[in-house]
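Chains, contacts and geometry: an overview
The primary structure of each chain is shown beneath.
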Amino acid sequence: MSHSGDLSGSAGSNQPELSRGQIALRLSGVTVSATIIAFDATIISTILPGVAKSLNGMGLYSWAAAAYFLAVSITTLAFGRLSDLFGRKSLMLAALLVVSAGSIIGGLAPNMDVLIMGRIVQGVGGGMLIGSAFAAPADLLPDPKVRVQWLALLSGTYAAASGVGPALGGFLTEAFGWRTAFFVIPVTACLAAPLLWLFYPARHRRMGRGLQMDWLGLILLLYALGMPLLAFEQFARPDSTWPDWLEWSLILSGGLAGVLLWKFEKTKQTPIFPVHILQTRSARLLNLSSMLGGAVMFSLIYYMPLLFQSSFKLSPSTAGLLVIPIVAGAPVGSMINGQLFRYFERPQYIMVAGALILACGCALLSTVTADTPLTRVALLMSLCGLGLGFLLSNYNLLMQMVVDHAEVGVGTALIQTTRAFGSAIGTTLVGLAVAHSSVFTGVRFSLIGCVVLCGITAYLTLNIRVPKASG
């Protein structure tokens with residue numbers, strides 16, 4: 001029997017208090033969806049070098065990573081807003097279909113071009129899922145001090161799956177071939193879909209005269225986010241055949257679309273991007289910090305396995321195992337964060353600690369060589385994971401605290417968008433460094449850059465101000 005209900009209205013409007021068991025049941029499908037989001041982004045990270053060689057597409061290596069993040073970046077915010085307007089349940093179910101379709105396309109790809117097409121479809125599905133899943137706890141849990149523990153579970157699950165993904169991909173590739181790795185997501189979606197269908201409450205809202213789709217805003221939003229990223233990716237490719245004037249035109253036209261979007265959305269009753277959510281300094285600092293955190297996180301996840309394989313001559317499965325210690329660090333950090341949050345009047349101090357721990361991990365990783373004991377490398381990876389654990393769930397929670405509940409979906413999606421935007425830029429810059437030097441030199445310089453970004457993140461989060469949590 002479905003446990004669906006009506007969640008329209010504000011967060012705490014006449015909702016009966018739920019037991020921990022009821023909350024766990026209602027969020028079970030969301031938690032599995034968080035695993036899919038992570039697998040979607042990371043499961044091919046360790047196998048991508050072999051995939052590119054198998055499909056004779058090493059020249060398109062960076063595109064297989066960047067195309068996914070590009071698609072996520074330009075769709076997450078729009079779908080987050082749609083989840084506010086029409087409910088999250090139906091959007092999450094549709095997202096599972098799209099992301100599974102993209103995975104199947106990638107798994108059956110006869111060449112690198114089709115693989116990249118599949119990654120783009122996966123990215124669209126990922127944007128749908130990210131834009132709705134991470135906002136879902138706010139519908140059930142209006143008290144931030146209660147919600148943070150469940151957001152910690154989601155973020156910990158996401159971070160853990162991000163670490164498991166590369167190892168799982170490497171294992172499946174060595175045991176059954178790289179194509180099998182792409183079918184992990186459809187199989188996992190078959191578990192998430194019935195859990196969402198049966199237990200996550202529906203929210204019904206009808207379209208009316210005051211609630212009409214903002215199509216022009218949607219087009220401007222997609223263009224403003226997508227064109228600069230596309231141009232930046234071409235700038236970073238040594239073999240790009242695009243003329244410079246075209247790349248600069250895309251950047252400038254994307255900026256112009258952003259200005260038009262900002263002005264146009266102020267006049268709409270139900271804008272696809274309510275720009276006023278960025279009017280507070282705290283919201284702006286949170287999103288900038290999230291962008292930097294995304295650049296660091298996915299630079300580690302995508303390029304440390306490449307370093308282990310290309311420079312240290314380790315197998316894909318061993319390289320994947322060395323990423324797994326993030327699993328030991330990130331969930332632990334998220335859970336500790338959930339416990340500490342209630343005791344801190346300014347919980348952003350926890351984020352400062354996380355950024356500094358992550359900086360230490362990156363700095364120490366920049367010193368490893370092929371002769372470094374693998375146990376030490378694993379320990380340093382777990383240190384990075386611990387730092388990430390203090391950051392990930394707080395980005396979502398603090399953003400939800402500085403926006404109105406009616407816009408919690410688009411606010412949370414904005415945090416995810418800036419993280420994906422940072423991921424796309426970060427992986428592209430590391431790819432550029434690797435292409436113009438070597439894997440060892442490029443990754444080492446990128447780790448030093450990550451230390452700098454972590455320092456900036458610590459400074460930014462120190463200046464964030466949020467309302468005091470209730471309860």
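What comes next concerns the included structure. These figures come from a predicted structure and were not determined experimentally.

1. Here we look at the overall build of the chain
Helix and strand counts for the chain stand at 18 helices and 0 strands. Against the compact-globule benchmark of 23 Å for 471 residues, the chain has a radius of gyration of 21 Å, which places it among compact chains. Burial statistics for the chain: of 471 residues in total, 59% are counted as buried. Pairs at least 24 residues apart make up 85% of the contacts formed inside the chain by residues separated by at least 6 positions. Surface summary for the chain: the accessible area is close to 17900 Å², and the carbon and sulfur share equals 68%. Charge-centre separation for the chain: the mean point of 28 positive side chains lies 6 Å from the mean point of 18 negative side chains.

2. Section: the pattern of salt bridges
Scanning the model with the defined rule gives 2 salt bridges in all. A salt bridge links Arg88 to Asp84, with the shortest nitrogen-to-oxygen separation between them at 3.2 Å. The structure contains a network of salt bridges with shared partners spanning Asp84, Arg88 and Asp139.

3. Describing the packing of aromatic side chains
This model, assessed by the stated rule, comprises 2 aromatic pairs. One residue, Lys89, lies across the ring of Trp197, its end atom 5.8 Å from the ring centre.

4. Section: the packing of helix H12 (residues 281-310) against helix H16 (residues 374-402)
Describing two packed helices takes the angle between their axes plus the distance from one axis to the other. Running from N to C, H12 and H16 cross one another at 155°; their axes reach a closest spacing of 10 Å. Accordingly, the angle class assigned to the pair H12 and H16 is roughly antiparallel. Crossing geometry of H12 relative to H16 is assigned as left-handed. In this structure, H12 uses Ala283, Leu286, Asn287, Ser289, Ser290, Gly293, Met297, Leu300, Met304 and Phe308 to contact H16, whose residues at the interface are Val377, Met381, Cys384, Leu388, Leu392, Tyr395, Leu398, Met399 and Val402. Looking at the contact of H12 with H16, its residues break down into 15 nonpolar, 4 polar and no charged.

5. Structural notes on unusual backbone geometry
Within the chain, Lys313 stands out as a residue other than glycine whose phi angle is a positive 60°. Looking at the element boundaries, Lys313 is found in the loop between H12 and helix H13 (316-323).

6. A word on empty space enclosed by the protein
This structure, assessed with the given rule, holds 4 cavities of 30 Å³ or more. Computed from the structure, the largest cavity encloses a volume of approximately 100 Å³. Lining the largest cavity, in full, are Ile37, Ala41, Tyr68, Phe69, Val72, Ile130, Tyr158, Phe298, Gln416, Arg419, Ala420 and Ser423. Only helix H2 (28-42), helix H4 (61-86) and helix H17 (408-436) provide two or more residues apiece to the lining of the largest cavity. The element best represented in the lining of the largest cavity is H17, accounting for 4 residues.

7. Side note on the layout of surface pockets
Its boundaries defined by the atoms lining it, the largest pocket holds a volume of some 450 Å³. If you go around the largest pocket, you meet 22 residues; those closest to its centre are Leu225, Phe273, Leu278, Leu414 and Thr418. At the level of secondary structure, the elements contributing two or more residues to the lining of the largest pocket comprise helix H10 (215-235), helix H11 (244-265), H12 and H17. Sorting elements by how many residues they give to the lining of the largest pocket places H11 first, with 6 residues. Here the residues of the lining of the largest pocket sort into 15 nonpolar, 6 polar and 1 charged.

Calculation criteria
- Residues numbered from 1 in each chain as written.
- Predicted model: local features only at pLDDT ≥ 70, side-chain atom pairs only at ≥ 80, totals over all residues.
- Heavy atoms only, no water.
- Helix = DSSP H or I, 4+ residues; strand = E, 2+ residues; numbered from the N terminus.
- Rg over C-alpha atoms; globule rule 2.2 N^0.38 Å.
- Buried < 20%, exposed > 50% of the residue type's maximum accessible area, 1.4 Å probe, protein only.
- Contact = heavy atoms within 4.5 Å.
- Areas by Shrake-Rupley, 256 points an atom, 1.4 Å probe, with all protein chains shown as cover.
- Lys, Arg positive; Asp, Glu negative; His and termini not counted.
- Charge placed at Lys NZ, Arg CZ, Asp CG, Glu CD.
- Salt bridge = Lys/Arg side-chain N within 4 Å of Asp/Glu carboxyl O.
- Phe/Tyr/Trp six-rings, centres within 6.5 Å; stacked < 30°, edge-to-face > 60°.
- Lys NZ or Arg CZ within 6 Å of the ring centre and 35° of its normal.
- Axes fitted to C-alpha atoms, helices over the stretch in contact; angles between N-to-C directions.
- Parallel < 35°, antiparallel > 145°, perpendicular 65-115°, else oblique.
- Left-handed = near helix turned anticlockwise from the far one by under 90°.
- Nonpolar A, V, L, I, M, F, W, Y, C, P; charged D, E, K, R; others polar.
- 1 Å grid on protein atoms, 1.4 Å probe; cavity = no way out; pocket = protein on both sides within 12 Å on 5 of 7 lines; lining within 4 Å.
- Points joined across faces, edges and corners; volume = space filled by probe spheres on them.

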